[in-house]
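Examination of the molecular architecture
These are the residues of each chain, in order.
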Amino acid sequence: TNRYVAEVSAGRANLFPLRVTGKALSEPIGEVRREIETQGFYGYKVFLNWLGDEYPPLVFDDMVSEEQCALADEKGLIILLHVPRGGRLADPEVGKSVRDAALRWKNARFVLAHCGRCYRFEEIREALHWVSDLPNVWFDCSMVMDPTVHAYILQRMDPSHYLFASDYPIAAMRGGRVNIADHWV
């Protein structure tokens, strides 16, 4: 995946490739550094080892190594994170772990995919306080279909920290998403 992304994006000013990495991949940090420095990666898309219906009971430090964070901090890299657990960013352990990481690694740029995976208003209402005051945290809005989530964030955060994203090609799949009870399906 990383080789393909580097090849496709090489020399194209309109692409900002991220390297798939994370603690679960057990890669030598020297290799990660070399690829960041030589292949034009702007940061990481953190690998989440997940299969099935239940997210693993992880927090930030379980997903990204200290060495990976230190490199991101040194170079001002993006850390694109799909926050773990079923409770998403609203889970107090997850929220605290993301906040602690962003406070510790102040030069790294944390992007929380899918508004911290808060697809519903009830989730973002419980989650936003963890990160809304941090200058190195952004939300990507892809696949968040509840307009009240977007409004809530935009009313409480600097709008420049709210990123448009399409989640393509996933968003182009046949079918639709509906909110049933307390979950999007």
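Residues numbered from 1 in each chain as written. Predicted model: local features only at pLDDT ≥ 70, side-chain atom pairs only at ≥ 80, totals over all residues. Heavy atoms only, no water.

What to know about unusual backbone geometry
Here the phi dihedral of Arg85 falls at roughly 75°; this positive angle occurs in a residue that is not glycine. Position of Arg85 relative to the elements: it lies in the loop between strand E3 (78-81) and helix H5 (92-104). Even without being glycine, His114 reaches a positive phi, approximately 55°. Its place among the elements puts His114 in helix H6 (residues 113-117). (Helix = DSSP H or I, 4+ residues; strand = E, 2+ residues; numbered from the N terminus.)

Things to note about the pairing of strand E5 (residues 137-140)
Strand residues, when the strand is regular, have side chains that alternate between the two faces of the sheet. Residue alternation in E5 divides its side chains into two sets, Val137 and Phe139 and Trp138 and Asp140, and both sets are buried. The pairing of strand E4 (residues 109-112) with E5 spans three bridges and is parallel. Along E5, the bridge assignment pairs Leu112 with Phe139. Direction of pairing for E5 relative to strand E6 (residues 162-163): parallel, over a ladder of two bridges. Each bridged residue has a counterpart across the sheet, and for Asp140 the counterpart in E6 is Leu163. Each parallel crossover has a hand, and the one from E5 via helix H8 (residues 147-156) to E6 is right-handed. (Buried < 20%, exposed > 50% of the residue type's maximum accessible area, 1.4 Å probe, protein only. Pairing = 2+ DSSP bridges. Right-handed = clockwise from strand over helix to strand, strands pointing away.)

Describing the packing of helix H2 (residues 29-39) against helix H4 (residues 66-75)
Put simply, H2 and H4 touch, their axes get as near as 10 Å, and they point 30° apart. Our classification of the angle between H2 and H4 gives roughly parallel. The way H2 lies across H4 gives a crossing that is right-handed. Where H2 approaches H4, its residues Ile29, Val32, Arg33, Ile36 and Glu37 are matched on the opposing element by Glu67, Gln68, Leu71, Glu74 and Lys75. Looking at the contact of H2 with H4 residue by residue, the classes come out as four nonpolar, one polar and five charged. (Axes fitted to C-alpha atoms, helices over the stretch in contact; angles between N-to-C directions. Parallel < 35°, antiparallel > 145°, perpendicular 65-115°, else oblique. Left-handed = near helix turned anticlockwise from the far one by under 90°. Contact = heavy atoms within 4.5 Å. Nonpolar A, V, L, I, M, F, W, Y, C, P; charged D, E, K, R; others polar.)

Examining the pattern of salt bridges
A side chain of one charge can pair with a side chain of the opposite charge if their charged atoms are brought near each other. A full pass over the atoms with the stated rule returns 15 salt bridges. Measuring nitrogen to oxygen at the nearest pair gives 3.4 Å for the salt bridge that ties Arg85 to Asp91. Residue Arg85 is classed as buried on the basis of its relative accessible area of 15%. Judged by relative accessible area, which is 16%, Asp91 ranks as buried. Between Arg85 and Glu93 there is a salt bridge; the shortest N-O distance is 3.3 Å. The partly exposed category is assigned to Glu93, whose relative accessible area is 49%. Among the ionic contacts, a cluster of salt bridges with common partners joins Arg19, Glu27, Glu31, Arg34 and Glu35. (Salt bridge = Lys/Arg side-chain N within 4 Å of Asp/Glu carboxyl O.)

What about the environment of Trp138?
Tracing the backbone shows Trp138 in strand E5. Given a relative accessible area of 19%, Trp138 falls into the buried group. For Trp138 and Pro159, which are 21 residues apart along the polypeptide, the C-alpha to C-alpha distance reads 9.3 Å. Apart from the residues within four sequence positions on either side, Trp138 is in contact with Arg109, Phe110, Val111, Leu112, Ser160, His161, Tyr162 and Leu163.

A word on the confidence of the model for the protein
Chain-level pLDDT for the protein is 91 on average; 96% of the residues reach the 70-or-more range. Predicted confidence in the protein is weakest over strand E8 (residues 183-184), with a mean pLDDT of 70, and strongest over H4, with 98. (pLDDT = per-residue confidence, 0-100.)

What to know about a nonpolar patch on the surface
Residues Val178, Ile180 and Val185 make up a contiguous nonpolar surface patch of about 270 Å² in total accessible area. As for its position among the elements, Val185 is in the segment after E8. (Patch = residues over 30% accessible without salt bridge, like charges linked within 9 Å, V, L, I, M, F, W, Y side chains within 5 Å. Areas by Shrake-Rupley, 256 points an atom, 1.4 Å probe, with all protein chains shown as cover.)

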